[in-house]
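In case you want the letters, here they are:
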Amino acid sequence: MEPISGYARGGVWTSLRGAVTPRAALLVLGALLVQWAFITSYVGALHRPEPHRIPIALVAPQEMAGQLVSQLDGLPGDPLHVKHTSTEEADGLRMVRHRDVDGALIVDGSGTQDTLLVATGGGTSTAEVLAQLMLSVEAAQNRTLEVRDVAPTAAGDARGLSSFFLVIGWVVGGYLCAAVLAISAGSRASTVSRALFRLGALLIFSLLSGLGGAVIVGPVLDALPGRLVALALVGALVVFATGAVTLALQALLGAAGIGLTLLIVVVLGNPSAGGAIGTSLLPTFWRGIGSAMIPGAGTWATRSIAYFQGHALTNPLVVLGIWAVAGVVVTLLASLLGGRRRWNEEMPYRTVSDGGFLGIRPWTR
């Protein structure tokens, strides 16, 4: 009687090899490694926030400034960094509202009542830690402190997280759009024209995604204030930068490029973005990379538009632009070089006539 199952013909090992190919096994191993990296990154970055050189401005009489700077910069654990000193309260207020510092300490030279200016719109975690820290410092000197929020979060923006979640949604959209383009027509665009069509489709998707996200968090949910058009354009840039990087890595590495994008943008980018935990409270590694990553730049930019009248936008826009341009250039170059290589492999020779005799010669470009 003929065997009726794979087990009877070749045993469990043969059936396993037929069900799980070496390529599938490598992909599963890659998924496991990404999962471990995800856990390590998020828990490692966010499980123990500690202040490190939070930038503040000091407004105090000249005769007191030097001693106060030494005292604040010399606190155990290096939690504060006095970035600017002045004798005018307006200078401290301007620096906080322009996002040059996270807070400003206004010292009363003739009394014991001081004021701390913070901006929860830039992230409530940093503002809260700064307020707690300065309250303890003031109490140790028998002084009192009033905390004043000069850029508060909107009523619908719980703990200032709406900007961060909005950027995460935009990043996921750009990643998924590029992945869908790869799944539907191959991870590597075979010609430059196809790569251009993919980038064009990504651009249209990015504009719609940026506008849709801005409308949802603005007029629909009333979560974020600020200029709708500016927010939509930043969102489009976030989406396009993420999608372009995904297309570029796909063009270089095939399907593995999608996983590498996930590692760069989600595993490294999200916990270092300063969203749930302010950048100054993160461990050294995540604090160092946050502003150079797409989620970090996007979160900073959306908060600047929502709460700081568009101040301090240059650096995040440059970061997002670099990611977008690099993704486009690499995508086109990889498609160009890959197309030439495939063309040479498929059409290596040409037919020629030489003195009435037919022959073949290699094609040249």
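Look above for the structure.
Values in this document were obtained by computation on a predicted structure and should not be read as measured data.

Across the interface, helix H2 (residues 22-46) lies against helix H9 (residues 256-269) with an axial gap of 9 Å and an inter-helix angle of 25°. When the interaxial angle is binned, H2 and H9 end up roughly parallel. Viewed along their axes, H2 and H9 form a crossing whose handedness is right-handed. On the side of H2, the interface is formed by Val-34, Ala-37, Phe-38, Ser-41 and Tyr-42, while H9 contributes Leu-262, Leu-263, Val-266, Val-267 and Leu-268. The class makeup of the residues in the contact of H2 with H9 is nine nonpolar, one polar and no charged.

What follows is about the pattern of salt bridges. For the structure shown, the criterion picks out five salt bridges. With a shortest N-O distance of 3.4 Å, Arg-148 and Glu-89 are connected by a salt bridge. Remark: Glu-89 occurs in helix H4 (residues 89-97) and Arg-148 occurs in strand S5 (residues 144-149); sequence separation between them is 59 residues. With relative accessibility at 34%, the residue Arg-148 sits in the partly exposed group. Through salt bridges with shared partners, a single ionic network connects Asp-114, Glu-138 and Arg-143.

Now for a nonpolar patch on the surface. Taken together, the side chains of Leu-26, Leu-29, Leu-32, Leu-33, Trp-36, Phe-38, Ile-39 and Val-43 make up a nonpolar region of the molecular surface, amounting to roughly 770 Å² of accessible area. With respect to the helices, strands and loops of the structure, Ile-39 is situated in helix H2.

Let us now look at H9. Taking 1.5 Å of rise per residue, 14 residues should cover 20 Å, and H9 covers 18 Å from first to last C-alpha, within 8% of that figure. Here H9 has its buried residues at Gly-257, Ile-258, Thr-261, Val-265, Val-266, Val-267 and Gly-269.

Burial within strand S4 (residues 113-118) is extensive, with five of its six residues counted as buried. Pairing analysis gives four bridges linking strand S3 (residues 103-106) to S4, with the strands arranged antiparallel. Across the sheet, Leu-105 pairs through a bridge with Leu-116, a residue of S4. Counting the residues that bridge the hairpin from S3 to S4 gives six residues. Sheet topology places S4 next to S5; six bridges connect them, and they run parallel. In the sheet register, Val-118 faces S5, and the bridge partner there is Asp-149. For the crossover that starts at S4, traverses helix H5 (residues 124-140) and ends in the parallel S5, the hand is right-handed.

Scoring rules and cut-offs
Residues numbered from 1 in each chain as written. Predicted model: local features only at pLDDT ≥ 70, side-chain atom pairs only at ≥ 80, totals over all residues. Heavy atoms only, no water. Axes fitted to C-alpha atoms, helices over the stretch in contact; angles between N-to-C directions. Helix = DSSP H or I, 4+ residues; strand = E, 2+ residues; numbered from the N terminus. Parallel < 35°, antiparallel > 145°, perpendicular 65-115°, else oblique. Left-handed = near helix turned anticlockwise from the far one by under 90°. Contact = heavy atoms within 4.5 Å. Nonpolar A, V, L, I, M, F, W, Y, C, P; charged D, E, K, R; others polar. Salt bridge = Lys/Arg side-chain N within 4 Å of Asp/Glu carboxyl O. Buried < 20%, exposed > 50% of the residue type's maximum accessible area, 1.4 Å probe, protein only. Patch = residues over 30% accessible without salt bridge, like charges linked within 9 Å, V, L, I, M, F, W, Y side chains within 5 Å. Areas by Shrake-Rupley, 256 points an atom, 1.4 Å probe, with all protein chains shown as cover. Expected span 1.5 Å × (residues − 1). Pairing = 2+ DSSP bridges. Right-handed = clockwise from strand over helix to strand, strands pointing away.

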